[in-house]
Structures are given as structure tokens and as C-alpha cells.
Amino acid sequence: ENADGKYISPFHDIPLFAGSKEDKEIPAKRSKTTRSEVLFNMIVEVPRWTNAKMEIATEEPLNPIKHDIKKGKLRYVANIFPHKGYIWNYGAFPQTWEDPNHKDSITGCCGDNDPIDVCEIGSKIRSSGEIVQVKVLGVLALVDEGETDWKIIAISADDPEAEKIHGKYFYIDDVKKHKPGYLEATLDWFQLYKVPDGKPENHFAFDGEFKDKDFAVEIIKSTHEHWKALLHKKVDGGTIKCTNVLVSGSPFCCSDEDARSIVQSAPAFMNGDSISPEVDSWYFFPK
């Protein structure tokens with residue numbers, strides 16, 4: 001729900017760019033900045049140190065956050081020694097889409113059909129469904145089973161260490177300085193996290209080098225343009241559900257009443273009711 005109590009899609013209706021305090025509209029008319037930096041809204045899917053693979057359900061109306069299922073079983077990531085679960089607050093940027101029909105000129109691979117992923121490295125453990133305003137620090141180019149899967153490195157704008165990471169050009173160097181070992185652990189984690197499931201190690205473009213803020217922002221803007229094309233029916237989104245409430249001019253835009261009907265017709269446990277052991281999945285709409 002948004003501030004007005006209206007049901008919205010976290011994928012499509014939450015703005016990519018964080019709005020100013022004076023602007024309560026969604027999507028925001030202006031972009032919030034700190035110093036010379038534009039801030040972005042991150043949707044937290046997986047809190048740090050947890051293992052459940054929670055994801056925005058891109059193929060369901062209004063795209064609730066849902067525990068992913070594969071072959072009838074709930075999905076969890078293994079603990080990659082010496083870590084427990086995900087080593088950051090893990091989530092996605094709304095209003096972005098890695099187009100599976102677009103071959104990335106950098107990686108030579110097509111997108112993974114999801115919003116672009118974000119690893120938030122701040123000190124606070126966030127909650128699933130929380131919206132966090134972050135500043136972008138860099139990006140890692142993961143090639144996952146032949147698909148481009150960008151991993152944005154970011155930090156919450158209100159984190160005590162956010163102000164320390166302010167290098168004029170190379171934020172990634174400041175991350176190495178103030179959070180030694182974190183980027184190396186991130187690289188190892190993404191390389192190995194599927195091995196316990198019997199899959200090979202992942203690979204990276206640029207030999208695993210983290211690219212800096214400006215490079216990352218260009219990638220984000222590119223995926224934002226792909227999302228715009230998707231929501232205005234300029235490309236084929238396949239099974240992606242584009243139902244939204246607030247995207248002006250989108251042919252997929254629905255009324256507040258339609259959105260409420262979608263939510264109310266979903267399983268009762270989606271809004272926090274108790275879950276029986278027989279239920280194979282649970283999901284909810286963040287507030």
C-alpha cells in the first residue's frame with residue numbers, strides 16, 4: 001500500500017528515483033539528492049543473514065513479494081562459508097527491467113527478465129518489503145547461466161557510514177577502505193552460491209572487477225528505459241504482469257478498485273495470516 005492506503009505494484013508503481021520530502025506523490029515529480037548524488041528507492045526482498053529466496057513475483061498481478069518455488073519446493077540459498085545466508089540486504093530497484101530479448105553490448109548476454117538487483121551494504125538489517133533510499137556505489141557484472149545479471153552495490157543514505165563513502169570519482173575505492181573484505185566476500189558469494197545445488201560456479205564480465213558509480217548509474221538508466229518500453233507495450237514482456245495503478249499513459253494501468261479486487265481475491269495468508277504446514281508458498285504486498 002502507498003501512503004494513501006491504495007494497493008500498488010512494488011515493481012511498477014514505486015518510483016525508481018527517490019522523491020523530495022515535499023513531494024508525496026508516487027511517482028515522484030523530482031529526484032531527491034544528497035550533495036550532488038541522486039538517490040534511488042530500493043525494495044528489500046531478503047534481509048541480511050537470512051536464507052529464504054524472497055522475490056518480487058513479476059508474473060503475478062501487482063507483483064507481491066513471494067517466497068520463490070522451484071520444482072514444488074521453497075527455495076533457500078545455502079550458507080557459503082563463513083557466511084550465513086545473504087551477506088547484504090538484498091533486493092531490487094523498481095521500474096527497472098533486464099530485457100531477456102536485449103543483448104547487452106558489454107556482457108554479450110541477454111537480460112534475466114527481472115528488475116535490476118541491489119546489494120545494500122549498510123549497517124542495519126532491513127525488513128522484507130521495506131523501501132530504502134540508497135546511494136549507488138558501484139556494480140558487478142554477473143553472468144548467471146548465460147544471462148546478464150547486474151548486481152548494484154549501494155548503501156542506505158541514512159547509514160552512519162554513507163557519508164564516509166564520498167570519493168569524487170571512485171566510491172568503490174572508499175568501500176574497500178571503510179569496509180575491507182566486503183567486496184571480495186561479495187565476489188566469492190556470487191561465484192559460489194549455486195555450487196551446493198550442483199551447478200557450476202558463476203562467471204563475471206571484466207574478470208570480476210567492480211565498476212564505479214557512474215558506470216552503475218548508466219546501467220540503471222538503461223534498465224529503466226527497458227522498463228518504460230515494457231509498460232507502454234513497445235516490447236513483448238511475455239509472462240511479465242504489467243498491471244499498475246500509477247504509471248501515466250500505460251495501457252496496463254488499472255483502477256484503485258481493480259487493484260483492491262486483485263489483492264482481496266488472493267489467498268488469505270498473503271496479508272500476514274497464519275500459515276499451515278501444508279501451504280507451499282507465502283507472499284505479501286509491502287506497506
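Cut-offs used in this document
- Residues numbered from 1 in each chain as written.
- Predicted model: local features only at pLDDT ≥ 70, side-chain atom pairs only at ≥ 80, totals over all residues.
- Heavy atoms only, no water.
- Disulfide = S-S within 2.5 Å.
- Buried < 20%, exposed > 50% of the residue type's maximum accessible area, 1.4 Å probe, protein only.
- pLDDT = per-residue confidence, 0-100.
- Contact = heavy atoms within 4.5 Å.
- Helix = DSSP H or I, 4+ residues; strand = E, 2+ residues; numbered from the N terminus.
- Pairing = 2+ DSSP bridges.
- Polar contact = N/O pair within 3.5 Å; in protein donor to acceptor, adjacent residues only side chain to side chain.
- Arc of directions from axis to C-beta.
- Core = buried A, V, L, I, M, F, W, Y, C linked by side-chain atoms within 4.5 Å.
- Salt bridge = Lys/Arg side-chain N within 4 Å of Asp/Glu carboxyl O.
- Phe/Tyr/Trp six-rings, centres within 6.5 Å; stacked < 30°, edge-to-face > 60°.
- Lys NZ or Arg CZ within 6 Å of the ring centre and 35° of its normal.

1. Side note on the state of the cysteines
Move 1: Summed over all chains, the structure comprises zero disulfides.
Move 2: Summary of cysteine pairing: Cys254 is not part of a disulfide, and the nearest cysteine sulfur, belonging to Cys253, is at 6.3 Å.
Move 3: Assessed through its relative accessible area of 15%, Cys254 is described here as buried.

2. Considerations on the confidence of the model for the protein chain
Move 1: In this model, the protein chain carries a mean pLDDT of 87, and residues with pLDDT of at least 70 account for 86%.
Move 2: Contacts of residues 20-31 to residues separated by more than four positions or lying in other chains number 23 contacts, the stretch itself having pLDDT below 50.
Move 3: In the model, residues 270-287 has pLDDT below 50 throughout and makes 46 contacts with residues more than four positions away in sequence or in other chains.

3. Some points on unusual backbone geometry
One can expect most non-glycine residues to show negative phi and most peptide bonds to be in trans.
Move 1: Omega for the peptide link from Phe81 to Pro82 comes to 5°, which places this bond in the cis form.
Move 2: Within the element layout of this structure, Pro82 appears in the loop between strand E7 (73-74) and strand E8 (89-92).
Move 3: Positive phi, close to 75°, is recorded for Trp49, a residue that is not glycine.
Move 4: A relative accessible area of 40% means that Trp49 is categorised as partly exposed.
Move 5: Positive phi, normally seen in glycine, also occurs at Asn113, with a value near 75°.

4. With respect to the pairing of strand E9 (residues 117-120)
Move 1: The side-chain alternation of E9 yields two buried faces, one formed by Asp117 and Cys119 and the other by Val118 and Glu120.
Move 2: Taken together, the four bridges between E8 and E9 define a ladder with antiparallel strand orientation. Bridged to Ala92 within E9 is Asp117.
Move 3: Inspection of the sheet shows E9 paired to strand E11 (residues 147-156) by four bridges, in the parallel sense. The residue bridging Glu120 from the neighbouring strand is Ala154, located in E11.

5. Comments concerning the side chain of Thr148
Move 1: Considering the arrangement of structural elements, one finds Thr148 in strand E11.
Move 2: A polar contact of 2.5 Å, which involves the side chain of Thr148, links it to the side chain of Thr107.
Move 3: Within the structure, the side chain of Thr148 is placed 2.8 Å from the backbone oxygen of Cys109, a separation counted as a polar contact.
Move 4: Not counting residues up to four positions away in its chain, the partners in contact with Thr148 are Glu98, Asp104, Thr107, Cys109, Cys110, Gly111, Asp112 and Leu142.

6. Examining the environment of Gly249
Move 1: Looking at the element boundaries, Gly249 is found in the loop between helix H3 (213-231) and helix H4 (256-264).
Move 2: Given a relative accessible area of 65%, Gly249 falls into the exposed group.
Move 3: Remark: the alpha-carbon pair of Gly249 and His232, spanning 17 residues in sequence, is separated by 7.3 Å.

7. Digging into the side chain of Glu98
Move 1: Residue position: Glu98 is located in the loop between E8 and E9.
Move 2: Those residues within four positions of Glu98 in sequence are excluded, and the remaining contacts are Gly111, Asp112, Asn113, Asp114, Pro115, Ile116, Asp117, Thr148, Asp149, Trp150 and Thr223.

8. Quick word on helix H1 (residues 171-178)
Move 1: Of all the residues in H1, the buried ones are Tyr171, Ile172, Asp174 and Val175. Buried residues of H1, seen end-on, are gathered within an arc of 155° and therefore sit on one face of the element.

9. Remarks on the nonpolar core
Nonpolar side chains tend toward joint burial in soluble globular proteins.
Move 1: The biggest cluster of nonpolar side chains holds 49 residues, and the ones touching the most others in it are Trp88, Ile121, Leu137, Trp189 and Phe190.
Move 2: Looking at which element gives the most residues to this core, the answer is helix H2 (residues 182-192), with five residues.
Move 3: Apart from residues lying up to four places away in sequence, Leu137 is in contact with Ile121, Ile153, Ala154, Ile155, Ile165, Tyr171, Ile172, Val175, Asp212 and Lys213.
Move 4: Within the second largest apolar cluster, 20 residues are counted, among which are Phe40, Val134, Ala205 and Ile219.

10. Examining the pattern of salt bridges
Move 1: For the structure on display, the rule yields 15 salt bridges.
Move 2: A salt bridge links Lys151 to Asp117; the shortest N-O distance between them is 2.7 Å. In this pair, Lys151 is assigned in strand E11 and Asp117 in strand E9, connecting sequence segments 34 residues apart.
Move 3: One salt bridge connects Asp158 with Arg126, and the closest N-O pair in it is separated by 3.3 Å. Here Asp158 is found in the loop between E11 and H1, whereas its partner Arg126 is found in the loop between E9 and strand E10 (131-144), with 32 residues between them in sequence.
Move 4: Here the salt bridges share partners, and the residues they tie into one network are Asp144, Glu145, Lys194 and Lys199.

11. A closer look at the packing of aromatic side chains
Move 1: Under the counting rule described, the total for this entry stands at 14 aromatic pairs.
Move 2: On the numbers, 5.2 Å between centres and 40° between planes, the contact of Tyr86 with Trp189 is tilted. Placement of Tyr86 in the loop between E7 and E8 and of Trp189 in helix H2 is noted, with a sequence separation of 103 residues between them. As far as burial versus exposure is concerned, Tyr86 and Trp189 are alike and both buried.
Move 3: Their ring planes at 85° and their centres at 5.3 Å tell us that Trp189 and Phe190 sit as a pair that is edge-to-face. Assigned by exposure class, Trp189 and Phe190 land together as buried.
Move 4: Feature note: the residues Tyr86, Trp88, Tyr90, Trp189, Phe190 and Tyr193 constitute an aromatic cluster, connected by ring pairs.
Move 5: Directly above the ring of Phe206 sits Lys211, whose terminal nitrogen or CZ lies 4.5 Å from the centroid.
Move 6: Over the aromatic face of Phe215 sits the side chain of Lys211, whose NZ or CZ is 6.0 Å from the ring centroid.

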